[in-house]
Amino acid sequence: MSDLRIAIVGFGKIARDQHVGAIAAAPGATLAAVASRNASLPGLPHFATIEELLEEGPPIDAVSLCTPPQVRRAQAAVALAAGKHVMLEKPPGTGVAELDPLIAMARDAKRTLFATWHSRYAPAVEPVREWLASRRIKSVHISWKEDVRVWHPGQAWIWEPGGLGVFDPGINALSILTRILPKPVFVTAAELAFPANRQAPIAANLTLADIDGLPISAEFDFRQTGPQSWDIVVETDEGRMTLSRGGRVMAVDGNVVADAPDQEYRELYRRFVALSATGASDVDLAPLRLVADAFLLGKRTLVEPFVD
């Protein structure tokens, strides 16, 4: 079976830092082209837009959309209409309902639509899910705080409507939460802090629960300097479980029980290759629904302007 020939569309920081190496390391995948208005990769065919790629580019089987979420729906529709498999960086779109037509297009075309949640593939996430499955969970607290100037330098789109602001990293935590807990969760209250000069929040506090009333809290903040925080703490009847470093390290009562190198994006492409072999899709919108509900329920406060 020949490799899945993939073109990256949108060649910003995440594509350069993660996707290129992951495709090279994933069995059955090969990078065939790049489409970007502002960047290229030496040695590969380059096109300014996805339309130029599909009309003039080399033969490809799939596209990996690494563009800002505000433009992904239209690009995914173009790719599916051209008979290509489609991988969507997270978040898969700017709203929940806009994914429904894409799901239908993929189904009718027998092509793969893969809405990725890379943090679910962090090495300690599955061990945590299995550990929690046999224990009584008492409470959950998420602390997901990072420096936006380090992780999103000069990326103005993240502050525009649909860019999600602090929920761009925060949705990673919610993707893990919805994977490791045994029951679905929902938002009951939210506080969203908007810089006076921006259209997306720089910080957020969420209160969530499951159908049994499990208390869940989450703190997201883009203003963290120094050490960064990507932690989930779960109190159970058999001790405190801490999932740290974005899902890489699992500890119980302070004792590390799982720690492995990060291979999140390599695993995403393994999954994409496997899905595309049969044309199956994988579109879990639970994390995006939680963010949408946070905006619906959120109390908005204004804070100091943000200047990049």
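Shown above is the structure to which this text applies.
Residues numbered from 1 in each chain as written. Predicted model: local features only at pLDDT ≥ 70, side-chain atom pairs only at ≥ 80, totals over all residues. Heavy atoms only, no water.

### What to know about the pairing of strand β11 (residues 229-236)
Across 8 bridges, the pairing between strand β7 (residues 137-145) and β11 is antiparallel. Bridged to histidine 141 within β11 is valine 233. Bridge count between β11 and strand β12 (residues 239-244): 5 bridges; the pairing is antiparallel. Among the inter-strand pairings, threonine 236 is bridged to a residue of β12, identified as glycine 239. A loop of 2 residues connects β11 with β12, the two strands running antiparallel in sequence. (Pairing = 2+ DSSP bridges. Helix = DSSP H or I, 4+ residues; strand = E, 2+ residues; numbered from the N terminus.)

### Details of helix α5 (residues 125-132)
Of all the residues in α5, the buried ones are Val125, Val128, Trp131 and Leu132. Seen from one end, α5 has its buried residues packed into an arc of 130 degrees, which puts them on one side. Tucked inside the fold, the buried residues of α5 contact β7, α7 (167-180), β11, β12 and β13 (249-252). (Buried < 20%, exposed > 50% of the residue type's maximum accessible area, 1.4 Å probe, protein only. Arc of directions from axis to C-beta. Contact = heavy atoms within 4.5 Å.)

### What about a negative patch on the surface?
Residues Glu51, Glu52, Glu55 and Glu56 make up a contiguous surface patch of negative charge. Checked against the element boundaries, glutamate 51 lands in helix α2 (residues 50-56). (Patch = residues over 30% accessible without salt bridge, like charges linked within 9 Å, V, L, I, M, F, W, Y side chains within 5 Å. Areas by Shrake-Rupley, 256 points an atom, 1.4 Å probe, with all protein chains shown as cover. Salt bridge = Lys/Arg side-chain N within 4 Å of Asp/Glu carboxyl O. Lys, Arg positive; Asp, Glu negative; His and termini not counted. Charge placed at Lys NZ, Arg CZ, Asp CG, Glu CD.)

### A few points about the packing of aromatic side chains
Tallied over the full model, the rule gives 6 aromatic pairs. Taking 5.5 Å as the distance between ring centres and 75 degrees as the angle between the ring planes, the aromatic pair formed by tryptophan 151 and tryptophan 230 counts as edge-to-face. Placement of the pair is tryptophan 151 in helix α6 (residues 148-151) and tryptophan 230 in strand β11, with a sequence separation of 79 residues. The interplanar angle of 80 degrees and the centroid separation of 5.7 Å between the aromatic rings of phenylalanine 167 and phenylalanine 220 together place this pair among those described as edge-to-face. Of the two residues, phenylalanine 167 is situated in helix α7 and phenylalanine 220 in strand β10 (residues 216-221); the sequence distance between them amounts to 53 residues. Assigned by exposure class, phenylalanine 167 and phenylalanine 220 land together as buried. One aromatic cluster is present, built from ring pairs that chain together Trp159, Phe222 and Phe306. (Phe/Tyr/Trp six-rings, centres within 6.5 Å; stacked < 30°, edge-to-face > 60°.)

### Let's talk about the sheet that holds strand β4 (residues 62-65)
Read across the open sheet, the 6 strands follow the order β3-β2-β1-β4-β5-β6; overall the sheet is parallel. In this open sheet, the two strands that pair with only one neighbour each are β3 (46-47) and β6 (113-115). Relative to β6, strand β5 (residues 85-88) runs parallel, the two sharing 3 bridges. If you follow methionine 87 over to β6, its bridge partner there is phenylalanine 114. Against the sheet, helix α1 (residues 13-25) touches β1 (4-9), β2 (29-35), β4 and β5, its axis set at about 175 degrees to β1. Here helix α8 (residues 264-278) sits on the sheet and contacts β1, β2, β4, β5 and β6; the angle it forms with β5, its principal contact strand, is near 155 degrees. (Axes fitted to C-alpha atoms, helices over the stretch in contact; angles between N-to-C directions.)

### Notes on the layout of surface pockets
When its volume is computed, the second largest pocket comes out at roughly 200 Å³. Residue assignment for the lining of the second largest pocket shows that the elements contributing at least two residues are α7, β8 (185-195) and α9 (286-297). For the lining of the second largest pocket, the element with the most residues is α9, which contributes 4 residues. Of the residues assigned to the lining of the second largest pocket, the class counts are 8 nonpolar, 1 polar and 4 charged. (1 Å grid on protein atoms, 1.4 Å probe; cavity = no way out; pocket = protein on both sides within 12 Å on 5 of 7 lines; lining within 4 Å. Points joined across faces, edges and corners; volume = space filled by probe spheres on them. Nonpolar A, V, L, I, M, F, W, Y, C, P; charged D, E, K, R; others polar.)

Everything listed here is a matter of coordinates, which is why it stays silent on function.
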